[in-house]
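Residue-level structural notes
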Amino acid sequence: MNVSTSALGVRRRKVATQNIDDEENAAVLKLGPEFQLTQITNTGEEQQLIALNLSETRLLIRAALKERKRNQKPKSRANQSSQLGSDEPMDSDEDEDEDLNNTKEDEISNMELAGPNSNEVIHKTLNYLTNFARFKNRSSCETVEKLLNDFNEHCKEYLHPFEIAQLGTLECEDAEEAKSLIPSLQNKVSDVQLQSLLTELRKYQTLS
């Protein structure tokens, strides 16, 4: 059978045509129902969509794992802390120092944080976030969040939370690259505004 006239060949041509159509319509943001601006919680209440960039995701997961480790510590250590007259958890200062200063985490530290009983997915997730999160401490993440929110207020059209999260995640050199990677920004913000934002974001980026 001639391959060009087979069903397989026809299916391939249709897929290629569909890909061309998708590229032409890339400037229109098309997301699934999980990205609707209004979400319904498990209790049936409405809540606005929250999209996190990789840096925020990293901080959130690490905070959850630290809290779990604290809750798993023997009660004797908690009693020792109270006998010392401290109102704060024993590791609060240590955690704060790590959040603010530790920007050279490796696979070993991630495994220690996750714990020996954690599955491989958690380890790989932490390693991925360590490698690709741009802003490694709480202070820089809060500053970046404010920059992005202020930027959104001055756009021609409000950005979707997904677009904001992408701007906080991707390390774009200039406005052209940003609009290439996030095509839906094309008609929502000028190149001058976008370049100004990217320049500001780089000031708070962790280099190590």
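Overview of the structure. (Residues numbered from 1 in each chain as written. Predicted model: local features only at pLDDT ≥ 70, side-chain atom pairs only at ≥ 80, totals over all residues. Heavy atoms only, no water.)

Attention now moves to a nonpolar patch on the surface. On the surface, a cluster of nonpolar side chains totalling about 310 Å² of accessible area is made up of Ile50, Leu52 and Leu60. Along the chain, Leu60 turns up in helix H2 (residues 54–71). (Patch = residues over 30% accessible without salt bridge, like charges linked within 9 Å, V, L, I, M, F, W, Y side chains within 5 Å. Areas by Shrake-Rupley, 256 points an atom, 1.4 Å probe, with all protein chains shown as cover. Salt bridge = Lys/Arg side-chain N within 4 Å of Asp/Glu carboxyl O. Helix = DSSP H or I, 4+ residues; strand = E, 2+ residues; numbered from the N terminus.)

This part covers the pattern of salt bridges. The full count for this structure, using the stated rule, is six salt bridges. Its salt-bridge partner being Lys188, residue Glu163 comes within 3.0 Å of it at the nearest N-O pair. With Glu163 in helix H8 (residues 161–169) and Lys188 in the loop between helix H9 (175–181) and helix H10 (191–203), this pair connects stretches of sequence that are 25 residues apart. The exposure class assigned to Lys188 is buried, which follows from its relative accessible area of 10%. Across the salt bridge formed by Asp191 and Lys179, the nearest N and O atoms sit 2.8 Å from each other. Of the two residues, Asp191 is situated in helix H10 and Lys179 in helix H9; the sequence distance between them amounts to 12 residues. (Buried < 20%, exposed > 50% of the residue type's maximum accessible area, 1.4 Å probe, protein only.)

Turning our eyes to something else, we now look at the packing of aromatic side chains. Enumeration according to the criterion identifies one aromatic pair in this entry. With centroids separated by 4.8 Å and ring planes inclined at 45 degrees, the aromatic side chains of Tyr128 and Phe132 adopt a geometry described as tilted. With Tyr128 and Phe132 both in helix H6 (residues 120–132), this residue pair falls four residues apart, about one helical turn. Assessed through its relative accessible area of 47%, Phe132 is described here as partly exposed. (Phe/Tyr/Trp six-rings, centres within 6.5 Å; stacked < 30°, edge-to-face > 60°.)

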